[in-house]
There are 2 protein chains.
Amino acid sequence: MSSRSVQVGIIGLGTVGTGVVKILQSRAKGIAHQLGAPIQIAGIAVRDPKKARAIEVPAGILTDDPMELVRRPEVEIVLEVMGGTEQARQYVLEALRHKKHVVTANKALIALHGQEVFDAAAANGVGVYLEASVAGGIPIIKALHEGLAANRIERIYGILNGTCNYILTQMSQQGASYQEALAEAQRLGYAEADPTFDVDGLDTAHKIAILSSLAYGAPISIDQIYVEGIRRIQLEDIRYAETLGYTLKLLAISELRGSALSVRVHPALIPSTSVLANVQGAFNAVAVVGDAVGPTLFYGQGAGQMPTASAVVADLLEAARTVLSGRPAEIPLCWDRRKAVAMPVLPMEETETRYYLRMQVEDRPGVLAEVATILGRYRISLAAVIQKEPTCAESVPVVMLTHRAQERNLQAALREIDALECTRQPTVCIRLEADV
Amino acid sequence: MSSRSVQVGIIGLGTVGTGVVKILQSRAKGIAHQLGAPIQIAGIAVRDPKKARAIEVPAGILTDDPMELVRRPEVEIVLEVMGGTEQARQYVLEALRHKKHVVTANKALIALHGQEVFDAAAANGVGVYLEASVAGGIPIIKALHEGLAANRIERIYGILNGTCNYILTQMSQQGASYQEALAEAQRLGYAEADPTFDVDGLDTAHKIAILSSLAYGAPISIDQIYVEGIRRIQLEDIRYAETLGYTLKLLAISELRGSALSVRVHPALIPSTSVLANVQGAFNAVAVVGDAVGPTLFYGQGAGQMPTASAVVADLLEAARTVLSGRPAEIPLCWDRRKAVAMPVLPMEETETRYYLRMQVEDRPGVLAEVATILGRYRISLAAVIQKEPTCAESVPVVMLTHRAQERNLQAALREIDALECTRQPTVCIRLEADV
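Residues numbered from 1 in each chain as written. Chains lettered and ligands numbered in written order. Predicted model: local features only at pLDDT ≥ 70, side-chain atom pairs only at ≥ 80, totals over all residues. Heavy atoms only, no water.

Describing the overall build of chain A
Point 1. Regarding its fold elements, chain A presents 14 helices and 17 strands.
Point 2. Taken against the 2.2 N^0.38 rule, which gives 22 Å for 436 residues, the C-alpha radius of gyration of chain A at 24 Å falls within 12% of a compact globule.
Point 3. Overall, chain A is about 85 × 45 × 35 Å in size when its C-alpha atoms are taken along their principal axes.
Point 4. Every one of the 436 residues in chain A was classed for burial, and the buried ones make up 61%. (Helix = DSSP H or I, 4+ residues; strand = E, 2+ residues; numbered from the N terminus. Rg over C-alpha atoms; globule rule 2.2 N^0.38 Å. Buried < 20%, exposed > 50% of the residue type's maximum accessible area, 1.4 Å probe, protein only.)

Brief notes about helix α4 (residues 86-97) of chain B
Residues and elements named next belong to chain B.
Point 1. For α4, built from 12 residues, the straight-helix expectation of 16 Å at 1.5 Å per residue is met to within 8% by its first-to-last C-alpha distance of 17 Å.
Point 2. By the burial criterion, the buried members of α4 are A88, R89, Y91, V92, L93, E94, A95 and L96.
Point 3. Looking at the packing, one finds that the buried side of α4 touches β1 (6-11), α3 (66-71), β4 (77-80), β5 (101-104), α5 (107-124) and β6 (128-129).
Point 4. In the stretch just after α4, K99 is the one whose phi turns positive, near 60°. (Expected span 1.5 Å × (residues − 1). Contact = heavy atoms within 4.5 Å.)

Focus: the packing of aromatic side chains
Here a ring pair, both rings aromatic, is described through the centre-centre distance and the interplanar angle of the planes.
Point 1. The full count for this structure, using the stated rule, is 7 aromatic pairs over all chains.
Point 2. When the ring of B:F283 is compared with that of B:Y299, the centres are 5.0 Å apart and the planes differ by 5°; the resulting orientation is stacked. Residue B:F283 is located in strand β11 (residues 283-290), and its partner B:Y299 is located in strand β12 (residues 294-301); the two are separated by 16 residues in the primary sequence.
Point 3. The lysine or arginine in question, A:R155, covers the ring of A:Y157, its NZ or CZ lying 4.2 Å from the ring centre. (Phe/Tyr/Trp six-rings, centres within 6.5 Å; stacked < 30°, edge-to-face > 60°. Lys NZ or Arg CZ within 6 Å of the ring centre and 35° of its normal.)

Description of the pattern of salt bridges
Residue and element names in this part refer to chain A.
Point 1. Per the stated rule, a full pass over the model turns up 62 salt bridges over all chains.
Point 2. Residue R431 pairs with E228 through a salt bridge whose shortest N-O separation is 3.1 Å. Linking R431 in strand β17 (residues 428-432) with E228 in the loop between β8 (226-227) and α11 (235-243), this pair joins segments that are 203 residues apart in sequence.
Point 3. Taking relative accessible area as the criterion, E228 reaches 18% and is therefore assigned buried. (Salt bridge = Lys/Arg side-chain N within 4 Å of Asp/Glu carboxyl O.)

Some thoughts on the relation of the copies chain A and chain B
Point 1. If you rotate chain A by 180° and push it 0.0 Å along the axis, it lands on chain B with an RMSD of 0.0 Å. These values place the two chain copies in the arrangement generated by a two-fold rotation axis. Looking at the rotation axis and the C-alpha trace of chain A, the residue lying nearest is A:F298, at 2.4 Å.
Point 2. Taken as a fraction of all interface residues of chain A, those also at the interface in chain B reach 100%, which identifies the copy contact as same-surface. (Least-squares fit on C-alpha atoms with pLDDT ≥ 70 in both.)

Here's the deal with the sheet that holds β4(B)
All names here are of chain B.
Point 1. Spatial strand order, β3-β2-β1-β4-β5-β6: 6 strands in an open sheet with parallel pairing. Taken across any chain shown, the strands that pair with only one partner, and hence form the sheet edges, are β3 (62-63) and β6.
Point 2. In terms of strand pairing, β1 meets strand β2 (residues 39-45) through 6 bridges, oriented parallel. Note that in β2 the partner of I10 across the bridge is I44.
Point 3. Across the face of the sheet, helix α1 (residues 15-26) comes into contact with β1, β2 and β4 while running at roughly 155° to β2. (Pairing = 2+ DSSP bridges. Axes fitted to C-alpha atoms, helices over the stretch in contact; angles between N-to-C directions.)

Some words on the interface of chain A and chain B
Point 1. Taken together, the contact between chain A and chain B spans 49 residues of the former and 49 residues of the latter.
Point 2. Of all residues in chain A, A:H33, A:A150 and A:Y299 bury the most surface against chain B, accounting for 14% of the area lost on that side.
Point 3. Here chain A is connected to chain B by 4 salt bridges.
Point 4. For B:R321, the salt bridge goes to A:E330, with nearest N and O atoms at 3.1 Å. (Buried area = accessible area lost by both parts, 1.4 Å probe.)

Regarding helix α12 (residues 305-325) of chain A
Point 1. For α12(A), with 21 residues, the first-to-last C-alpha span of 30 Å sits near the 30 Å given by 1.5 Å per residue.
Point 2. Taken from the residues just after α12(A), A:G326 is the one with a positive phi, measuring 75°.

As for the sheet that holds strand β3 (residues 62-63) of chain A
Residue and element names in this part refer to chain A.
Point 1. Strand order in the open sheet formed by 6 strands is β3-β2-β1-β4-β5-β6, with parallel pairing between adjacent strands. Each having just a single partner strand, β3 and β6 (128-129) make up the two edges of the open sheet.
Point 2. As paired strands, strand β1 (residues 6-11) and strand β4 (residues 77-80) are joined by 4 bridges and run parallel to one another. Bridged to I11 within β4 is E80.

Considering the pairing of strand β11 (residues 283-290) of chain A
Residues and elements named next belong to chain A.
Point 1. Of all 8 residues in β11, 8 are buried; the element is thus mostly enclosed.
Point 2. Alternating positions in β11 separate into two faces, F283, A285, A287 and V289 on one and N284, V286, V288 and G290 on the other, with burial throughout.
Point 3. Taken together, the 6 bridges between strand β7 (residues 153-159) and β11 define a ladder with antiparallel strand orientation. Looking across to β11, one finds that I159 is bridged to A285.
Point 4. In this sheet, strand β12 (residues 294-301) lies alongside β11 in antiparallel orientation, the contact comprising 8 bridges. Paired with G290 across the strands is G294, a residue of β12.
Point 5. What sits between β11 and β12 in their antiparallel hairpin is a turn of 3 residues.

Side note on the state of the cysteines
Residues and elements named next belong to chain B.
Point 1. Scanning the model with the defined rule gives 0 disulfides over all chains in all.
Point 2. C429 takes part in no disulfide bond, and the closest cysteine sulfur to it belongs to C422, at a distance of 18 Å.
Point 3. With a relative accessible area of 18%, C429 lands in the buried category. (Disulfide = S-S within 2.5 Å.)

Considerations on the environment of A:P347
Point 1. Within the secondary structure layout, A:P347 lies in the loop between α12 and β13 (352-362).
Point 2. Relative accessible area serves as the criterion here: at 34%, A:P347 is assigned to the partly exposed category.

Some thoughts on the pairing of strand β7 (residues 153-159) of chain B
Residues and elements named next belong to chain B.
Point 1. Judged by how many residues are buried, β7 sits mostly within the fold: 6 of 7 residues are covered.
Point 2. One ladder, built from 4 bridges, connects β7 with strand β9 (residues 246-257); its direction is antiparallel. Bridging from a neighbouring strand, I156 pairs with S254 of β9.

Remarks on a nonpolar patch on the surface
Residues and elements named next belong to chain A.
Point 1. Judged by side-chain polarity, L368, L382 and V385 come together as a nonpolar surface patch covering roughly 210 Å² of accessible area.
Point 2. Mapped onto the secondary structure, L382 falls in strand β14 (residues 382-387).
Point 3. We classify L382 as partly exposed; its relative accessible area is 31%. (Patch = residues over 30% accessible without salt bridge, like charges linked within 9 Å, V, L, I, M, F, W, Y side chains within 5 Å. Areas by Shrake-Rupley, 256 points an atom, 1.4 Å probe, with all protein chains shown as cover.)

Some thoughts on the side chain of A:H206
All names here are of chain A.
Point 1. Along the chain, the position of H206 falls in helix α10 (residues 202-216).
Point 2. Exposure remark for H206: the relative accessible area of 8% places this residue in the buried category.
Point 3. Contacts of H206, omitting those with residues within four sequence positions, involve K107, A108, A111, L112, F197 and I222.

Some remarks on the nonpolar core
Point 1. Within the largest apolar cluster, 176 residues are counted, with the highest numbers of intra-cluster contacts made by A:I140 and B:I140.
Point 2. If sequence neighbours within four positions are ignored, B:I140 has contacts with B:E131, B:V134, B:A135, B:L211, B:V286, B:V288 and B:F298. (Core = buried A, V, L, I, M, F, W, Y, C linked by side-chain atoms within 4.5 Å.)

Looking at the confidence of the model for chain A
Point 1. Model confidence for chain A is summarised by a mean pLDDT of 94, while 98% of its residues fall at 70 or above.
Point 2. Predicted complex metrics record ipTM = 0.93 and pTM = 0.94. (pLDDT = per-residue confidence, 0-100.)

Concerning the packing of helix α13 (residues 367-377) of chain B against helix α14 (residues 407-419) of chain B
Residues and elements named next belong to chain B.
Point 1. Where α13 meets α14, the closest approach of the two axes is 9 Å, and the angle between their N-to-C directions is 155°. Taken together, α13 and α14 sit at an angle that is classed as roughly antiparallel. In terms of crossing hand, the pair formed by α13 and α14 is right-handed. On α14, the residues touching V371, I374, L375 and R377 of α13 are A413, E416 and I417. (Parallel < 35°, antiparallel > 145°, perpendicular 65-115°, else oblique. Left-handed = near helix turned anticlockwise from the far one by under 90°.)

Written out as structure tokens, the structure is:
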């Protein structure tokens, strides 16, 4: 065992910060054993050092001055677990300028300011470790970076938001409406009072931006991503999909299409017998398809105190190994200006996939032919059709699954179909994706 | 980019070796970009250098003298992809004595001679990288070692043999008998002509021995593991299980029980809606439960040329990073004599789990009471009972699911039940396990 310890400064003692301190306290001996040196908490920056805490920390360790903490000469690694972007950005940049390695759980910080943060890290010869920023405790960033490093990544996709997956699972399993499932998620603390960031797919978009950047070595920004959330999902469509053998999930998808990428977040149907379809409740799963390894999948809790703390401490151990070895830290290719490649992102209209369509049409002969004629004109062919008994006197639901079609053609066809005299409601359109 | 290259010697150019060379050739530029230095193949040892090969290799690179290759001064990393244990062991030990890092895909070598191999590595300050030895392309060893390093591992279990999983999937999906499914697996190359090593669970036992050792930091040997294969599985039980909501898989299970471990390989029923139950065909999946992260799961192809080569090359890149950094390699705790802890392994009779039982009993009043009385006497309580219509004139199948019980009690109860006059066949007993 080395005679030195590794000194850590922690910014933030909220949910995740408390989890990190719990692990560092309860596993102190095991960590020292594994690492060959103990981890010592030099200080924890909080807003109010006098506030009562869920854990005991040594007297004098709390400070209300994060800037002073990140500049302290003895601090070697800074854990940023405060959240938010503007202040977190300032503390992280200051830490890097003072040649401290930084571990962060802050996906928004990386998705919005990744380039600036990694430039500062490179300029100062230190590392930024971000495992906890995507998919909580699932070691997906390490897998992409190292475990699958022999592969050209062809596709990365999955369930990256536990709130949405909890809501969709409740709808499917309990027959709850979207509003009921959301209320239950809020009651259990899986959803915020204002659920916008989760249910509109923005959180998922931040995460797939980071994963895409790492997987393809090309910086991908949020505004290049098509995003559609789950607010308008109806139980009826979940049920139709189930009878057709599909399960509805909010997916993030990033795939290589020639020399371009298709990156998008939207509700999608996947085969019910696939692994991803059976990811339930607040769990996350990320599938990665590589040219050598084929399909892989990584599953676990994507949020929560201890799963996120697990990832923060794993990164802390890696940063500590770097500190102890004296070797320089590596910068991910996508944020290494000498090595990053630019990759064009396809406009959504050029995406190709399969579709589930539900129309509400007049119940008279010839209607199906009118619809099919429009679809045929846009070269959209059908794989399955269900026409149910009328639910009201004069109109009837028709459900269709298409073969692969181009988004542009599909949207144009839907505009024509929705303008038909026989169409009673705007057509519901949900993409249908293959899974591992 | 560094001005040097990293020199690699490869022992074996069979299926995996060929896959490794394919990746090193096709991704040479990407790998050099990522690593900061190119990988160069210094030599490949084969039995017959004149034999026609599926790939082109530079003239003069093949040799029939592996000992000479591993001793060559310029070789820095040796990839052992020849398989077998005795010769592989000699070449690996010789490579380590000459201070070459070793990457191996050889689970038998590690399971049988891990301690000797890692002792030699430690004595010479080099590393042994073994990701490809368990679960093919799935980066599970890296996950255990690094991604989940903040956790105390509580349970590690999963589907580790693609041959068995293919056979069981065929039985369930196609209604095939065990013999039919095995024949199909052999026809497709998923099973060997002599399938013993796979279907009797030995391959799975080697893998769970390695994973357990890594997860708990304690060396676990093959002979400490209870092993039961799939030869005697009947379609009938798969069907009963399905009606009860369970799917049959061959599982490897290693779990903490107080300060001891329960390590075992046997067929098991798991809930059909769980992620693991939906792992189909030749795929593998490993679930890891940690005290902080909770349940996680890692899925992918557990064998085959390119998935295994993907793991070998990932390890090669890690070994190359170690070479380039000049830092010493790390030895896994379980094989580090200064740090390893010994952990007792519970005898199988002390294991506790749930059970599926199928009896064939005489069709007369009082029989169920006789059976239930015996179970009750051994403190085995029932969670579900199905008694079907008689399948022949005078006997009837009875299927039961128990609550948790001790293996010793269960086996004693079965001996009594099978000795009853009303019992027509030995009771079928399949363990029932919880899943993520």
